[in-house]
Amino acid sequence: MSTQLDQLFEKTRSENRAALIAYIPAGYPTQEGCKAVIDAFADAGVDAIEIGFPYSDPVMDGPTIAEAANTSLMAGTGAKEVFEALAYATSRGIPSVVMTYWNPIEKYGAQKFADSIASNSGSGVITPDLPVDEAQPWKSASQSSGINSIFVVAPSTTDKRLEKVTAQCSGFVYAASLMGVTGARSGISSGAKDLVQRIKKVTKVPVAVGLGVSTREHAKEVAAYADGVIVGSAFINALNSAGSLESGIKAVRTLVEQLALGVREGRA
Amino acid sequence: MSTSSTDTRAGHFGQFGGRYVPEALIGALDELEIAHNAAQKDPEFLAELAHLHKTYSGRPSILTEAKRFAEHAGGARIIFKREDLNHTGSHKINNVLGQALLAKRSGKKRIIAETGAGQHGVASATAAALMGLECVVYMGEEDTKRQSLNVARMKLLGAEVVAVTTGSRTLKDAINEAMRDWVTTVETTNYIFGTVAGPHPFPTMVRDFQKIIGEEARAQVLELTGKLPDAVLACVGGGSNAIGIFYDFIKDANVRLIGLEAGGDGVETGRHAATITGGTPGVLHGARSYLLQDENGQTVESHSISAGLDYPGVGPEHAYLSEIGRTEYRAITDAEAMYAFSLLCKTEGIIPAIETAHALAGALQIGRELGKDATLLINLSGRGDKDVQTAAEYFGIPL
């Protein structure tokens, strides 16, 4: 069975370019504002969307996403709102996944969560704090729902372990560009390219790079060696530094347009 | 390989424990596990640690029989294991000396730690000073106010104290921030975890460094009374002092092991930190255990007058021991704990930590239930110097 995400990577590979994957926490900056962000993503050229499930203890996230998630949580975002945002994103014709820490899935029920992803036309779930060693219940649930299970690997992941982790990945492998948490940075770590090359030796699953990617130049650089470029904090920064939701959405749209050029320039 | 008798699969205690962390930390946790297992079998390491216990922190800690306090506990025989007399004032030093020695052996130059009440932070800063390591302690901003004396102690010892301003600004958020630091600095830094929670190998490793409390106490009680105690009591936040004193008694099926959790305003009010009594299974801070959470799996803020117990999680081995019925847990309210705190001051001339006062309140209950023929062993886990301000405010003593 092939998800919309699987089909996307077939398409971008045939176009010899990387896919642009954009992240926004559900309910940020508001429930309605989140839909406006998703519209901007869809209209300006994002290839896939990650809907974040805001969580109280986001150890993998730097201050930008942690604070955005907290704002959304305080406004009452829960599983219902996450699936609504997912349904909205997929209704715009964009392959979409949910990114969530493990406990909200466990609390909701792994099979029920996977089924809800599928019934909202979602392609899969990224689980940043679920090592494959603990993932058996989730693997069974996601396989039975026909959705992708996307795990994160890091520069510290050994070659032997890369084989083990990527064997459990479908959709794409999420390669963390550096040892650290999410957040915009001035440059892409040199370790990212090495990691992607090591991953490519052990799997044919597409590889997307996240953590610290925020500009057209970054996107171009990463697109030269990876199948996908993931951007998150930069959109939140764009929203936060604007004076109004309207100008924030405009800034998001402009950034997407730039990044969409970047992912097409990498292999020129 | 594990040294535990209750580990059912490496790093797991039944359905609890495990590792729920970003992949970036897996290598470091593997390394730590290997280093710990090797050290536990290395006579040189064990001798070095034993030497520090004997000449630096003051082990073995003594037993004190509390006859006047016992009059209020149904006349039961009450025996304290005096971890409050350790250097730095609590059981926390036992674990920290072990982990800091491991860091040194692994060639790490920097240690980080989280702290709630500040006792683990002070112990970490102490060990870092002793061993020449750089030390950064993460502490919730709320706790830096409640425990300002301990903040000053850590600074005097040369540590950097980072006040954490995210989330509820307490221990849970300090752990998040320390984890974020560690993800970034893992090559040069060891994270010295303060309790028997967190991802494997921390629950096992911290237990291994704390079980000396029970090993000593079991022998000491046998020597003093000629028999095993009827019950062993300890307060439980994350659960390190409790596992420490329980562990050597797990094999003694007739000895009741009772953990006293922080009931805050009362478990029924929702304002408490009694994780096993009032929580549900889930994942927090890298392990499956009990936690306080809402219907979306979001961690709920805990409440306790005791900063050291004010934590919405608990160690996975406690969750497992509770599930198999080997241990029992009860909640003690703030008011009950403060009554016991005051009683101990006035009957025995010992000012306990407010954390420890929860175990003392438990002793008053259990003693009355079991009567005068019973013997209770209580872990007097910490002294109350750090709590003088909180207690003075509570009892209306002008400062």
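Residues numbered from 1 in each chain as written. Chains lettered and ligands numbered in written order. Predicted model: local features only at pLDDT ≥ 70, side-chain atom pairs only at ≥ 80, totals over all residues. Heavy atoms only, no water.

In the nomenclature of an unreviewed UniProt entry, chain B corresponds to tryptophan synthase from the organism freshwater metagenome. The Pathway (unreviewed entry) comment attached to chain B in UniProt states, word for word, "Amino-acid biosynthesis; L-tryptophan biosynthesis; L-tryptophan from chorismate: step 5/5." Taken from UniProt, the Catalytic activity (unreviewed entry) comment for chain B reads in full: "(1S,2R)-1-C-(indol-3-yl)glycerol 3-phosphate + L-serine = D-glyceraldehyde 3-phosphate + L-tryptophan + H2O". (UniProt positions renumbered as here; feature names shortened; annotations may be inferred.)

Per an unreviewed UniProt entry, chain A goes by the name tryptophan synthase and belongs to freshwater metagenome. UniProt, in the comment section headed Subunit (unreviewed entry), describes chain A in these words: "Tetramer of two alpha and two beta chains." Under the UniProt heading Catalytic activity (unreviewed entry), the entry covering chain A gives this text: "(1S,2R)-1-C-(indol-3-yl)glycerol 3-phosphate + L-serine = D-glyceraldehyde 3-phosphate + L-tryptophan + H2O".

S.K.: Please explain the overall build of chain A as it appears in this structure.
M.R.: Along its length, chain A carries twelve helices and nine strands. For 268 residues, the compact-globule formula gives about 18 Å, and the C-alpha radius of gyration of chain A, at 17 Å, lands near that figure. Across its three principal axes, chain A shows a C-alpha extent of roughly 50 × 45 × 30 Å. Here chain A, with 268 residues, has 63% of them falling under the buried criterion. Contacts in chain A between residues far apart in sequence, at least 24 positions, make up 73% of those at least 6 positions apart. Total accessible area on chain A is roughly 9600 Å²; 50% of this is exposed by carbon and sulfur atoms. Separation between the mean location of the 24 positive side-chain charges and that of the 27 negative ones in chain A comes to 5 Å. (Helix = DSSP H or I, 4+ residues; strand = E, 2+ residues; numbered from the N terminus. Rg over C-alpha atoms; globule rule 2.2 N^0.38 Å. Buried < 20%, exposed > 50% of the residue type's maximum accessible area, 1.4 Å probe, protein only. Contact = heavy atoms within 4.5 Å. Areas by Shrake-Rupley, 256 points an atom, 1.4 Å probe, with all protein chains shown as cover. Lys, Arg positive; Asp, Glu negative; His and termini not counted. Charge placed at Lys NZ, Arg CZ, Asp CG, Glu CD.)

S.K.: Sorry, what's going on with the UniProt feature "domain: Tryptophan synthase beta chain-like PALP" (unreviewed entry) in chain B here?
M.R.: In the numbering used here, UniProt assigns the "domain: Tryptophan synthase beta chain-like PALP" (unreviewed entry) feature to residues 58–382 of chain B. Taken end to end, residues 58–382 of chain B is 42% helix and 22% strand, and its first and last C-alpha atoms sit 14 Å apart.

S.K.: Please clarify how the domain arrangement of chain B should be interpreted in this entry.
M.R.: Frequently, the measure chosen for interface size is the accessible area that the parts lose on association. Residue and element names in this part refer to chain B. For chain B, the assigned domains are domain 1 (14–42 + 90–199) and domain 2 (55–87 + 210–393). For domain 1 and domain 2, the distance between their C-alpha centroids amounts to 22 Å. Listed as interface residues are 38 residues of domain 1 and, on the opposing side, 46 residues of domain 2. Regarding the contact of domain 1 and domain 2, the summed buried area is about 3300 Å², with carbon and sulfur atoms giving 59% of it. Among the residues of domain 1 in contact with domain 2, Phe16, His91 and Val196 are the three that bury the most area, contributing 21% of the side total. (Domains from an automatic or database assignment. Buried area = accessible area lost by both parts, 1.4 Å probe.)

S.K.: Which parts of the structure should I look at to understand the pairing of strand E3 (residues 96–99) of chain A?
M.R.: A regular strand carries its side chains on alternate faces of the sheet. Residue and element names in this part refer to chain A. Here E3 shows no split at all, with Ser96 and Val98 on one side and Val97 and Met99 on the other all buried. For strand E2 (residues 48–52) and E3, the ladder comprises four bridges, and the chain directions are parallel. Within the sheet, the bridge partner assigned to Gly52 lies in E3 and is Met99. Inspection of the sheet shows E3 paired to strand E4 (residues 124–126) by three bridges, in the parallel sense. (Pairing = 2+ DSSP bridges.)

S.K.: I'm lost on the confidence of the model for chain B in this one. Help?
M.R.: Any segment with low pLDDT has predicted coordinates that should not be analysed in fine detail. Considering every residue of chain B, the mean pLDDT works out to 95; 98% of them sit at 70 or more. Note on residues 1–8 of chain B: pLDDT under 50 across the span, and 26 contacts to partners over four residues away in sequence or across chains. (pLDDT = per-residue confidence, 0-100.)

S.K.: Would you mind going over the sheet that holds strand E5 (residues 110–115) of chain B with me for this structure?
M.R.: Backbone-to-backbone hydrogen bonds pair the strands of a sheet. The strands run either parallel or antiparallel. All names here are of chain B. Taking strand neighbours across the sheet as the criterion, the four strands line up as E7-E6-E5-E8 in an open arrangement whose pairing is parallel. The open sheet has two edge strands, strand E7 (160–164) and strand E8 (189–191), and neither has a second partner. The sheet shows a mean angle of 20° between the axes of neighbouring strands, direction not considered. Across three bridges, the pairing between E5 and E8 is parallel. Opposite Ile111, over in E8, you have Asn190 as the bridge partner. Sitting on the sheet, helix H8 (residues 171–185) touches E5, strand E6 (134–140), E7 and E8, and the angle it makes with E5 is about 160°. (Axes fitted to C-alpha atoms, helices over the stretch in contact; angles between N-to-C directions.)

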